Structures are given as structure tokens and as C-alpha cells.
Amino acid sequence: MTLAFAVLGDSIAYGQGAARQTDTIGARLTAGLTRDGHTVDLHVFAVPGADSRGLAAQVSRATATAPDLALVIIGANDITHLVPPRQAAMLLGDAVRGLRAAGAEVVVAPAPDLSVVPWVPPQMRLLVSTGSHTMRQEQIRAASAAGARIADIGAVTSVAFGADPALFSADRFHPSSAGYAVIADALAPAVRDAAAAARGVNR
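This section reports on the structure supplied with the text. Please read all numbers here as calculations on a predicted model, not as lab measurements.

The rules behind each value
- Residues numbered from 1 in each chain as written.
- Predicted model: local features only at pLDDT ≥ 70, side-chain atom pairs only at ≥ 80, totals over all residues.
- Heavy atoms only, no water.
- Pairing = 2+ DSSP bridges.
- Helix = DSSP H or I, 4+ residues; strand = E, 2+ residues; numbered from the N terminus.
- Contact = heavy atoms within 4.5 Å.
- Axes fitted to C-alpha atoms, helices over the stretch in contact; angles between N-to-C directions.
- Phe/Tyr/Trp six-rings, centres within 6.5 Å; stacked < 30°, edge-to-face > 60°.
- Buried < 20%, exposed > 50% of the residue type's maximum accessible area, 1.4 Å probe, protein only.

## Here's the deal with the sheet that holds strand E2 (residues 39-44)
- If you trace the five strands from one edge of the open sheet to the other, you get E2-E1-E3-E4-E5, paired in parallel fashion. Where the open sheet ends on each side, the last strands, each with one partner, are E2 and strand E5 (149-150).
- Alignment of strand E1 (residues 2-9) against E2, held across six bridges, turns out to be parallel. For threonine 2, the partnering residue across the bridge sits in E2 and is threonine 39.
- Lying on the sheet, helix H3 (residues 55-63) is in contact with E1 and strand E3 (69-73); it crosses E1 at an angle near 165°.
- Along the sheet face, helix H5 (residues 85-101) touches E1, E3 and strand E4 (105-109) and points at about 155° away from the line of E4.

## A closer look at the packing of aromatic side chains
- Applying the stated criterion to the full structure yields one aromatic pair.
- Their ring planes at 80° and their centres at 5.2 Å tell us that phenylalanine 161 and phenylalanine 168 sit as a pair that is edge-to-face. This pair shows no difference in class: phenylalanine 161 is buried, exactly as phenylalanine 168 is.

Read these as geometric descriptors, not functional statements.
Put into C-alpha cells, the structure is as follows:
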């Protein structure tokens with residue numbers, strides 16, 4: 001069977017900063033799933049600059065394609081746009097429930113630790129890290145309760161990004177192609193498990 005794979009969320013989900021489309025998270029994960037024996041139909045509904053307030057519109061477009069598997073990457077812009085964590089989490093939970101109701105296995109990658117972003121002043125890093133942690137914990141709670149698998153990859157990726165400036169693109173905010181490889185590798189186990197579950201349910 002063909003696995004309909006929907007990617008929703010923000011500029012990271014979209015792939016902004018990648019040198020080539022094949023370097024984006026959706027394309028990298030699709031290549032991995034293909035190597036695992038899946039036939040994958042990838043649709044990217046993510047919008048650069050989106051925060052959780054834009055998820056409902058993305059879910060509406062995604063569910064029209066009857067996704068078997070959905071990946072939601074959201075939270076960075078909720079932090080920068082000062083969306084209250086509980087509001088962001090509630091909206092994320094609603095999105096997960098909508099995708100689950102449409103029959104999709106859902107993987108959520110919550111907010112990253114933005115304190116590793118190069119343009120964050122050193123004196124602000126603790127505050128930004130604390131805010132990122134608060135957002136991430138609220139998201140994990142809400143998404144888990146709604147039935148998502150959580151890919152909390154922040155601990156792995158923040159260390160990598162903090163140690164290697166080459167993982168950022170020229171704007172020093174979005175990942176580079178090398179950065180997307182790190183993120184996709186960290187997401188792969190959860191996405192692989194969800195794809196296997198989707199295949200078992202929809203076979």
C-alpha cells in the first residue's frame with residue numbers, strides 16, 4: 001500500500017534554509033521510509049513563519065488527503081511570537097485530535113531549545129532556554145493526551161547545533177542542509193515506528 005505522509009508545522013517542517021528540496025526533513029524521512037520498504041506519497045502542508053495558531057488550517061488541508069502518517073513540527077515561532085504555552089499546547093492538541101480522527105498516526109516534534117541559536121545574546125540564553133523548556137513540556141503533555149507519539153529530540157539536537165555553527169543556514173536561525181540531516185536522523189525512529197503502525201492498521 002501507499003503510505004500517505006503529511007508534514008505540518010513551521011519553517012523547519014517546510015525546510016527553509018535547506019540548499020535542496022531533497023535535504024528537507026520530509027524528503028529525508030521519505031527516503032528513509034522508502035528504504036524500509038514503504039511506498040510513500042509525501043505532502044508538505046507546513047508554512048514558514050507559522051505558529052500553533054495556524055495549525056487548524058493546515059490540518060484541514062492535510063486531512064483532505066487522508067493521511068496515514070503525519071509529522072507536526074511546531075513551537076519555535078510560538079516562542080518568538082510570545083504565544084502563551086498553554087494556548088499553544090491546546091491548539092497543538094486540537095491538531096493532533098483532528099489528524100487522529102482522520103486516521104493518521106501522528107508524530108509531534110515539540111519546540112526546540114532556541115537558546116542555541118547564534119543571534120540570541122549570551123545574557124538572554126538562560127531565559128530563552130527556560131521559555132523553550134516550558135513550551136516543550138506543555139506541548140508534550142497536550143499532544144500525548146491527544147494520542148500523538150512524541151519525538152522529543154531537543155536534548156540531542158541542541159547539543160549538536162550548539163557545538164557546530166555549520167548546522168545553521170546563512171540566516172543563523174534556520175537549519176542548513178547539514179542541520180536538517182541531524183534533525184531528520186533524530187526524528188527517524190519515531191517516524192519509522194508510526195509508519196509501521198499505520199501500515200498495520202491500514203493494510
